[in-house]
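Coordinates in review
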Amino acid sequence: MDLALDTWDFSSPLISLWINRFYIYLGFAFGFSLWICFQIVIRKQNKNSQEKTVPRASQDLMTNGYISLPKKEVFVSGVKIFYGSQTGTAKGFATILAEALSSLDLPVAMINLKDYDPDDHLAEEVTSKNVCAFLVATYTDGQPPESAEWFCKWLEEAANDFRFGKTYLKGMRYAVFGLGNSVYVSHFNKVGKNVDKWLWMLGARRVMTRGEGDGNVVKSKHGSIEADFTAWKAKFISRLQALRKGEGRRCRGSCKKGKCESSQRGSEAAEPGSHAQEELQHRDAEEEEPFESSSEEESDAEDRQSRNSVVDVEDLGRIMGHVTKEKREKEQQEGETGVTRSTVKSEASERRAMITPALREALTKQGYQLIGSHSGVKLCRWTKSMLRGRGGCYKHTFYGIESHRCMETTPSLACANKCVFCWRHHTNPVGTEWRWKMDQPEMILKEAIENHQNMIKQFKAVPGVKEERFEEGMTVKHCALSLVGEPIMYPEINKFLKLLHECKISSFLVTNAQFPAEIRDLKPVTQLYVSVDASTKDSLKKIDRPLFKDFWQRFLDSLKALAAKQQRTVYRLTLVKAWNVDELQAYAELVSLGNPDFIEVKGVTYCGESSASSLTMANVPWHEEVVRFVCELVDLIPGYEIACEHEHSNCLLIAHKKFKIGREWWTWIDYSRFQELIQEYEDSGGSKTFSAKDYMARTPHWALFGANERGFDPKDTRYQRKNKSKDISGC
C-alpha cells in the first residue's frame, strides 16, 4: 500500500498535465494567434510605407499569377521649332537648336512659318504633348518678316476675337525667342513680344521666359545676338529635360485644401533648403507666372482693375499701412542703390568691341581684313584691274585717282542706315552713336597700310600684272573711306585724316548724311561725299531705312553743312529703277540746298539675291536710262553741266561750271598741290584755308562725256578691246 502511494506521488505532475492538457492547448493557440496578428500588422505597415515612397505607376500588381508591367507616362512627345526669318539668322538659330535637341532622343521638326497654316494645325498642339519653340525676327518698323506675316496676322486676330476664347490653346506649351536690334528703340523685338502675348491670350502655357536676342553688341545682355541665343538655348534644353521628367506640372485640383500631394512628394524627394528644391520652385514660378510685364496692355488692365475694385472701410487702415511700409522699403532700397551707383557706372564704362566673333567670321569670309575692334580694309576689284593694265574705276576717270595705289578702308564698320542696295548684305553692325571700345587712329592706319600691302603682294608674278604698277601699288597714295559703315562716326576721325595727310595720302570720305554736327566739325579732306539716295522723306525711308527718327531733318542739315565746306564736295546719287528715278524736281531742290561742286549719278549695282533686300535686276537701270536722267536733271539745275562719263560703272559726273575754264573741264585733282595746301593749313593752326579750285587739274579728253573712249583710259587694254563710236544725241 505504501509502495502504491509512493508511485502515485512520483507521477502526479504528469497526471496533472494530462488532466489540464486542454488549457495548455488553448494557451498555445492564443499565443500563435497573437503572433500571426502581429506579422499581419507589420506587413501592412511596410506596404503602406512602400506606397508612399514608390510612384503609383511603378507598383507591381499580381493578377492571375502574372505581373502587369506599368505603362510609362510621356510628358513630352516632341519639339516643333517654328521660325520666321528675313535675313536667315532665325533659320540658322532654328537649325542650331534642332541639332542640340537631337541628343535628347526626341522627335524634332523645323517649320517655316511661311509654309504653316495656323488655322488648320495650331489647335493640334493642345493635345499633342509637343513643346513649341518660336524663333521670330523683327523687321523694318517693327513688322514681322515676310515669311511670318500671315502667321502673326492670324494670331493677332484670333487673340482679339471673342469667338476663339481664352482657352482655345489651353494645353499647348511654348517658348519664344525674338531677334531684334535695340538701336530701334521704339520697336525692339516687337514681333517676339507680340507672338508671346497672343499665344498667352489664347490660353497657351509658356514654359520659360521669353528670350530676346539683340544685334546691338553694346546693349546685348551677353555681348552679341548669337551669345543671347546660346544662353536662351541652354535654358530651353534644361527646361525641356525637366518637363520630360514630369517636373513643374500643375496641380490637377484633387488635393485637399491647403495641401498638395504633388508638392509634398516633391518636397520629400528634395530635402528642405536643398539646391534642387530651390531650382524646382524657380522653374515652377516661371511656368505659372502669367504673361510677363512687357505687355503694357495687361499691366494697364491690372491697374484699372485694382483701382476699380471695392475696398471695405475696415480694410482701409490695413491697406494704407501696407502702402506706407512699401514706401519706406522703397526709400531704403533707393538709398542702398545710391551707394553702389558709382560701381555700376564704372562697369558700364567698360565698352564692348564692335566686331563680335560671328561678325568677324562673316566679314572675313567676304574678304575683309579686320583691324582691331571696329575697322577694316579690303582690296577693290579696280585695284586688281589696274594692276593688270585693264583700266581704273570711275574715280580715275573723273578725278585722276590711280586705282592701283588706292586703299579702300574704314575706321568704323557700323552704320546708321540699312540701305536696300547695300552690297555688304547688312552683315555690318548698326548704331546711332559711338558706344563701342575705341582703337587709336595710329594703330588703325598702320595696320590698314600693312594689310593692304600684304594683299598687293599676293599679285606678284601673277600673269598679266604689270611690274611697274605692282611696284607703284606698294605705296598707298589715295584712301577711299567708303568701304563699309559710317567713317564719320569714329570719334577720332579728324586725327585719322591728319595722319593720312602726313603720309601724303589723299582722302575721299563718304557719309550717309545723318551726322550734320560731325560734318560741320570735320577738318579739310581731299573730297567729301554725301550719299543722296532719295529726294523725298518717304523714298529716303524706304531706300535707306535709317535708324534715326529725325532722319529727314538730319539729312537736310547735313546738306546745309556741306554747303559751308570750302574743299571739294560731291553729291552721290544712286538710281534704283521704280524707286527714285521719277523725283527730278525734288533732286534739283536738294542741289540748291547743298551747292555741291560735283554730282555723281550712278545706276545701282545688283550684288545678288539677299533676304535682307527686295532688290532685283529689274531695279538696275540701263546706261542709256542713267544718261537720260542726268540730261533731264541738268536742265533743272542752272550752273551745272555734264562733264565726265564712265560707262563700265554706269556712272556720269555733273560738275559746277566753275570747274570749266574756257572750253576745258578741270575736274581732276592736283594731289601734290593738295598736300602742300593741307600742310600749310596744319602749320597755321587752321587759319590758312583753301578752296576746291586751288588744287584742280585739267581733265583729259578721253574722260569727258561724249568721247569715243566712254571713260576708258586709251593706255589700258580694256579700251583697246571696246573702242567704238557712240551716239549721244539723247542730250
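Residues numbered from 1 in each chain as written. Predicted model: local features only at pLDDT ≥ 70, side-chain atom pairs only at ≥ 80, totals over all residues. Heavy atoms only, no water.

An unreviewed UniProt entry lists the protein under the name tRNA 4-demethylwyosine synthase (AdoMet-dependent), from Rangifer tarandus platyrhynchus. Under the heading Pathway (unreviewed entry), UniProt records this for the protein: "tRNA modification; wybutosine-tRNA(Phe) biosynthesis." Turning to the protein, the UniProt record has this under Catalytic activity (unreviewed entry): "N(1)-methylguanosine(37) in tRNA(Phe) + pyruvate + S-adenosyl-L-methionine = 4-demethylwyosine(37) in tRNA(Phe) + 5'-deoxyadenosine + L-methionine + CO2 + H2O". (UniProt positions renumbered as here; feature names shortened; annotations may be inferred.)

Further remarks concern the packing of aromatic side chains. On inspection of all chains with the given rule, the structure shows 27 aromatic pairs. Aromatic pair phenylalanine 164 and tyrosine 168: ring centres 4.9 Å apart, planes at 85°, arrangement edge-to-face. Under the relative-accessibility criterion, phenylalanine 164 is labelled partly exposed at 23%. Among the residues examined, tyrosine 168 registers a relative accessible area of 24% and is labelled partly exposed. Measuring from centroid to centroid gives 5.9 Å for phenylalanine 690 and tyrosine 695, while their planes differ by 70°, and the two rings are edge-to-face. (Phe/Tyr/Trp six-rings, centres within 6.5 Å; stacked < 30°, edge-to-face > 60°. Buried < 20%, exposed > 50% of the residue type's maximum accessible area, 1.4 Å probe, protein only.)

Right, let's talk about the side chain of serine 649 for a bit. Inspection of the secondary structure assignment puts serine 649 in the loop between strand S17 (640-646) and strand S18 (651-656). Reaching out from serine 649, the side chain makes a polar contact with the side chain of histidine 646 at a distance of 2.9 Å. Those residues within four positions of serine 649 in sequence are excluded, and the remaining contacts are Trp382, Tyr394 and Lys602. (Helix = DSSP H or I, 4+ residues; strand = E, 2+ residues; numbered from the N terminus. Polar contact = N/O pair within 3.5 Å; in protein donor to acceptor, adjacent residues only side chain to side chain. Contact = heavy atoms within 4.5 Å.)

Moving on, we get to the environment of cysteine 651. Within the fold, cysteine 651 resides in strand S18. Residues contacting cysteine 651, with those up to four places away along its chain left out, are Tyr394, Phe398, Val601, Lys602, His623, Glu645 and His646.

Right, let's talk about the nonpolar core for a bit. Side chains of a nonpolar character, in soluble globular proteins, are inclined to be buried together. Core analysis: the largest hydrophobic core is formed by 89 residues, its most contacted members being Val532, Phe555, Leu573, Ile599, Val601 and Ile654. Filtering out sequence-adjacent residues up to four positions away, isoleucine 654 remains in contact with Asp597, Phe598, Ile599, Val601, Val630, Leu633, Val634, Ile637, Tyr640, Glu641 and Ile642. (Core = buried A, V, L, I, M, F, W, Y, C linked by side-chain atoms within 4.5 Å.)

A cluster of acidic residues, Glu467, Glu468, Glu471 and Glu472, forms a negative patch on the protein surface. Summarising the element assignment, glutamate 468 is placed in helix H16 (residues 467-473). Note on glutamate 468: relative accessible area 49%, which makes it partly exposed. (Patch = residues over 30% accessible without salt bridge, like charges linked within 9 Å, V, L, I, M, F, W, Y side chains within 5 Å. Areas by Shrake-Rupley, 256 points an atom, 1.4 Å probe, with all protein chains shown as cover. Salt bridge = Lys/Arg side-chain N within 4 Å of Asp/Glu carboxyl O. Lys, Arg positive; Asp, Glu negative; His and termini not counted. Charge placed at Lys NZ, Arg CZ, Asp CG, Glu CD.)

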